[in-house]
Each structure stands twice: as C-alpha cells, then as structure tokens.
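# Close look at the chain arrangement
Listed here are the chains, written in short residue letters.
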Amino acid sequence: MSRQALGPATGLSSGSISNVVTELAAEGLVEEAGHVESDGGRPRTLLRVAPRAGYLIGIDIGETRVRAELFDLAMTELARCELPLTGGARDIDTVIAHTARSIAAVLEESGISAEALTGIGVGVPGIVERTPEGAVVHGQTVGWDAVPLERLLRGATDLPPATAFHISNGTMALGQAEMWYGGGRGTTDAAIVLFGSGVGACIVTDGQIHGIDHGTPAEFGHLTVQVRGRTCRCGSRGCLEAYTGAQAILSRWHEAGGPDPDEATEEYGISRLLAAARPEAAGAEADPTALAILDDTAEYLAAGLADLVNLFQPQRILIGGWAGLQLGPLVLDTIRERTRGYALHHPGRHTEITLSTLGPDAITQGAATLPLNHLLHHTTTAQPPVPAERLPR
C-alpha cells in the first residue's frame, strides 16, 4: 500500500501515517516496494512489511502430533515439520523431545539461523499460568499437572538464551489466527470453537480475546450438557466434550455397534464414520447408526453453541479444528437450526455460524502470531534488526 492508501484504511491522518511509517522503517519492519502511477501526480511509493526483518516459529502441541512451521514477518511459510504422538500428549518427555526436534528441523530446512528468530509461539492443550520461571501448563484432560513447559523447552533446545517463547492455549492461538487472517475479520465479537480430540472455544469481545493476557481459555468443552451424564476425560460427568470430542464420538459409535475406536487413529476413525454416514460414492445406503451418532453430536454441539450465544451474543461463531472441518459440511445446517432453537431468539437471529476458513493446521499459524503480536506492541530500537548480510538470500 501507499501512504495515501493507508490513511482511509486506518483512519489516521497523513501526519500520523508519516510518523508511524518512519518509526517502523527505522525498526526495519517496513520497507519500500516500488512505485505506482497516480492520477496526474507524482508516482506513489508502495510500502510493505519487511519479510526478512525477523522470523517466527509457530508450534501446535496437539493430542496426536506436534507440528511446527517457520514464517517470515509477512507470514509466508518457509518450512514445516510434523511428528506423530503415538502415545498421546500425556507423555511430556516425548512432547518435549518432539518439539525440540521440530524446531531444529524447520531451522535446518529453511537455512535460518536461530539468532534471526523474533520468537517462538506454542499452542498447548490446557491452561497456561505465567510464573517468574516461565509458562506452566495445567492440562487436566491430558494428565499435565503444573508442567513447567517453558523451562523444559529451554533445556531441550539449542537456542540463544534470549530467544523468546510465547506459550498459550491452542484454542486461543486458533482464535487469534482467525481474527487476523480468517473468518473472524470484520467482527469485534466472535466465538471460535475448536472441535478435535477435545473441544474448546476462544471468546472475542470488543476485539479482545478473553483471557489472552493470563493464558486462561474459555473451557467450553467442560460445560455440563447432561446431568449425571457420560464421564469426561477431565473426571467430571456430562461435559460437552464427553459427547462431541472426537474420542467421545468414536466411543459412542462403538457402543452402538460401530468399530473399535482403538483400532486406528482418531482422524481415521472420524473418516470411517463419515464414509458410513454418506457412502453414496460406493453406491451403498447410509448407515443409520452412523447417521444417528452424527445427529446426536450436532444436537449436543448446538446446545453448547446456544450457551455461547446467550452468554456473549457474538456476531459470528466459527467452527474449526480438524474434526470440526471434517464433520462440518455434513452437520452444519443441523447445528445452525438447532442452535437457534436453543438460544434466545434475539441474539440467536443475529449470530452467524460458519466454518473456520484457515484449515485444520491453523493453530500453528495462530501460534506464530503470538511473538508477532508481542513485536508489534513492544518493539524497541534497543534491539536492532538482524543485519542484512546475516540473513539468507
């Protein structure tokens, strides 16, 4: 964009635009990117984010795998690494080892030196507590009890001591990615629901993510939707996650006569459920048991979404996560209809429910925005950008 175009886009005066651009250019974060002809006047200089002013790593520590991606400051992906967690996220030693390996792998693949990193963002399953010794994670559903994740990661990685780790709940990282780059753009009040092995939600009100400063997500998956209901992984009964998490869906299918959920990965199990519910490609009839499981899942999820509508009155609800994106095309219309039935009429009519737009791997992108967000809010000339001669061409 030119300076002239930035005015209408930001609402700032031309003087403010000039001052801010000058400051960002001095920080090495903005650079000129050619010229464009204007109507009868002098050519206008275009500006862009300086991609090589720094580099970001986003890491998604999920329940079935650790995924890392390396981006430049323009959020162009330069390298990626994914390592499966066959034993689940409960084994913290394996999680730490995989995370350290993934960081080393994306740095090696991209040719970026660790000294050029602006920071590393990590999305985790659980509540993040900020302590003087670093981020501590409380992940009750995966058996993490006050895990000193930041200290363990620093000890396992060969990174400069000044490398910043920004650790947050994975659903909140997904929410920030959707608000910056995805389906949340243009809204100030939204709910981004992660629907995968577990269930979570990121709540955005007045443009601010609820709990982002102190790492406390909205524990949407542990709303009680059935008194004295199914036992949840957290140890309580009747939680939403006990009916709509991928593991719970496959367990309910097995109890109704479906395959053993332990025979394969959750992703494969959900794919089999979908194939049974809509086997038109093979010329067979849909399995009524699979259809009933999906219908019950939509019912419970709609009840939970209606709670979000009544509590927060969001303009938009986005359903994301790998399971949400797989199941969404089949159950989204049902979820919309039943959410309106459970919600109060006025807020229900004004809430749009749609699928996430960034895909099943959006948490890594969201995690990378954590150090980028810190950079934008705390940039200082006390730490100059990496000299150009030290950056890869």
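Above: the structure in question.
This report concerns the structure included in the present document.

Scoring rules and cut-offs
- Residues numbered from 1 in each chain as written.
- Predicted model: local features only at pLDDT ≥ 70, side-chain atom pairs only at ≥ 80, totals over all residues.
- Heavy atoms only, no water.
- Phe/Tyr/Trp six-rings, centres within 6.5 Å; stacked < 30°, edge-to-face > 60°.
- Buried < 20%, exposed > 50% of the residue type's maximum accessible area, 1.4 Å probe, protein only.
- Helix = DSSP H or I, 4+ residues; strand = E, 2+ residues; numbered from the N terminus.
- Expected span 1.5 Å × (residues − 1).
- Polar contact = N/O pair within 3.5 Å; in protein donor to acceptor, adjacent residues only side chain to side chain.
- Contact = heavy atoms within 4.5 Å.
- Pairing = 2+ DSSP bridges.
- Axes fitted to C-alpha atoms, helices over the stretch in contact; angles between N-to-C directions.
- Parallel < 35°, antiparallel > 145°, perpendicular 65-115°, else oblique.
- Nonpolar A, V, L, I, M, F, W, Y, C, P; charged D, E, K, R; others polar.
- Salt bridge = Lys/Arg side-chain N within 4 Å of Asp/Glu carboxyl O.
- Core = buried A, V, L, I, M, F, W, Y, C linked by side-chain atoms within 4.5 Å.
- Left-handed = near helix turned anticlockwise from the far one by under 90°.

### Comments concerning the packing of aromatic side chains
In total, this model carries two aromatic pairs according to the counting rule given. A ring pair is formed by W180 and Y181, whose centres lie 6.0 Å apart and whose planes are at 70 degrees; its orientation type is edge-to-face. Overall, the relative accessible area of 27% leaves W180 in the partly exposed class. Aromatic side chains Y243 and Y300 sit 4.1 Å apart centroid to centroid with 25 degrees between the ring planes, which places their arrangement in the stacked category. Of the two residues, Y243 sits in helix α6 (residues 241-244) while Y300 sits in helix α9 (residues 288-312), which places them 57 residues apart along the sequence. Of the residues examined, Y243 reaches a relative accessible area of 6% and is grouped as buried.

### Overview of helix α3 (residues 92-110)
For α3, which comprises 19 residues, the first-to-last C-alpha distance of 27 Å matches the rise-based estimate of 27 Å (1.5 Å per residue) to within 8%. For α3, the complete set of buried residues consists of I92, V95, I96, H98, T99, A100, S102, I103, V106, L107 and S110. Where α3 ends, the next residue or the one after it, G111, has phi of about 75 degrees, a positive value.

### Quick look at the side chain of T244
Turning to its location among the elements, T244 is positioned in helix α6. For T244, a relative accessible area of 0% corresponds to the buried category. Looking at T244, its side chain comes within polar contact range of the main-chain oxygen of L240, at 2.9 Å. In this structure, T244 is in contact with F195, V199, I249, T297, Y300 and L301, ignoring residues within four places of it in sequence.

### Structural notes on the sheet that holds strand β11 (residues 190-195)
Two modes of strand pairing occur in sheets, parallel and antiparallel, and in both the strands are linked by backbone hydrogen bonds. The five strands are arranged β13-β12-β11-β14-β15 in an open sheet whose pairing can be described as mixed. The outermost strands of the open sheet, each flanked by one partner alone, are β13 (208-209) and β15 (352-355). The sheet contact formed by strand β12 (residues 199-205) and β13 spans two bridges and is antiparallel. Pairing of T205 across the sheet is with Q208, part of β13. Helix α5 (residues 170-181) contacts β11, β12, β13 and β14 (316-320) of the sheet and is inclined by roughly 130 degrees relative to β11.

### Remarks on the packing of helix α8 (residues 266-277) against helix α10 (residues 322-342)
In the contact formed by α8 and α10, the axes pass within 10 Å of each other and the chain directions differ by 5 degrees. Taken together, the axis directions place α8 and α10 in an arrangement best described as roughly parallel. On α10, the residues touching E266, E267, I270, S271, L274 and A277 of α8 are W322, Q326, L327 and L330. By residue class, the composition of the contact of α8 with α10 is six nonpolar, two polar and two charged.

### Examining the sheet that holds strand β9 (residues 144-147)
The strand order across the open sheet built from three strands is β7-β8-β9, with neighbouring strands paired in antiparallel fashion. Both outer strands of the open sheet, β7 (127-131) and β9, are each paired with one neighbouring strand and no more. The average undirected angle you get between the axes of adjacent strands in this sheet is 20 degrees. Across five bridges, β7 lies against strand β8 (residues 134-139) in antiparallel orientation. Bridging from a neighbouring strand, V128 pairs with V137 of β8.

### Topic: the environment of I212
The residue I212 is located in the loop between β13 and α6 in this model. Considering only alpha carbons, one finds I212 and N310, 98 residues apart in sequence, at a separation of 22 Å. Setting aside residues no more than four positions away along its own chain, I212 makes contact with R130, S168, M172 and Q176.

### A look at the pattern of salt bridges
Evaluation of the coordinates by the stated rule reveals 16 salt bridges. In this structure, D295 and R338 form a salt bridge, with 2.8 Å as the shortest nitrogen-oxygen distance. With a gap of 43 residues between them, D295 in helix α9 and R338 in helix α10 connect regions that are remote in the sequence. Each of the salt bridges in this network shares a partner with another, and the network as a whole consists of D60, R65, R67, E69, E82 and D361.

### So, the pairing of strand β5 (residues 77-84)
Both strand β4 (residues 65-72) and β5 contribute to a ladder of seven bridges, which runs antiparallel. Directly across from F71, in β5, lies its bridge partner E77. Counting the residues between successive antiparallel strands, the hairpin from β4 to β5 contains four residues, one of them, M75, with a positive phi of roughly 60 degrees.

### Regarding unusual backbone geometry
At D206, a residue that is not glycine, the phi angle is positive and equals roughly 50 degrees. Structurally, D206 can be placed in the loop between β12 and β13. For R228, which is not glycine, the phi torsion reads 55 degrees and is therefore positive. Within the secondary structure, R228 sits in the loop between β13 and α6. Judged by relative accessible area, R228 falls into the exposed class, the value being 71%.

### Structural notes on the nonpolar core
Core analysis: the largest hydrophobic core is formed by 38 residues, its most contacted members being F220, I270, L305, L308, I319 and L327. Elements supplying a minimum of two residues to this core: β11, β12, α7 (246-255), α8, α9, β14, α10 and β15. For L305, the contacting residues outside a window of four places in its chain are V193, F220, I317, I319, I335, T339 and I353.

### Examining the packing of α9 against α10
At their nearest, the axes of α9 and α10 sit 8 Å apart, and the two run at 50 degrees to each other. When the interaxial angle is binned, α9 and α10 end up oblique. Both α9 and α10 take part in a crossing whose hand is right-handed. Counting all contacts with α9, which are made through L294, D295, A298, E299, L301, A302, A303, L305, A306, V309 and N310, the residues of α10 involved are L327, L330, V331, T334, I335, R338, T339 and Y342. Looking at the contact of α9 with α10, its residues break down into 13 nonpolar, three polar and three charged.

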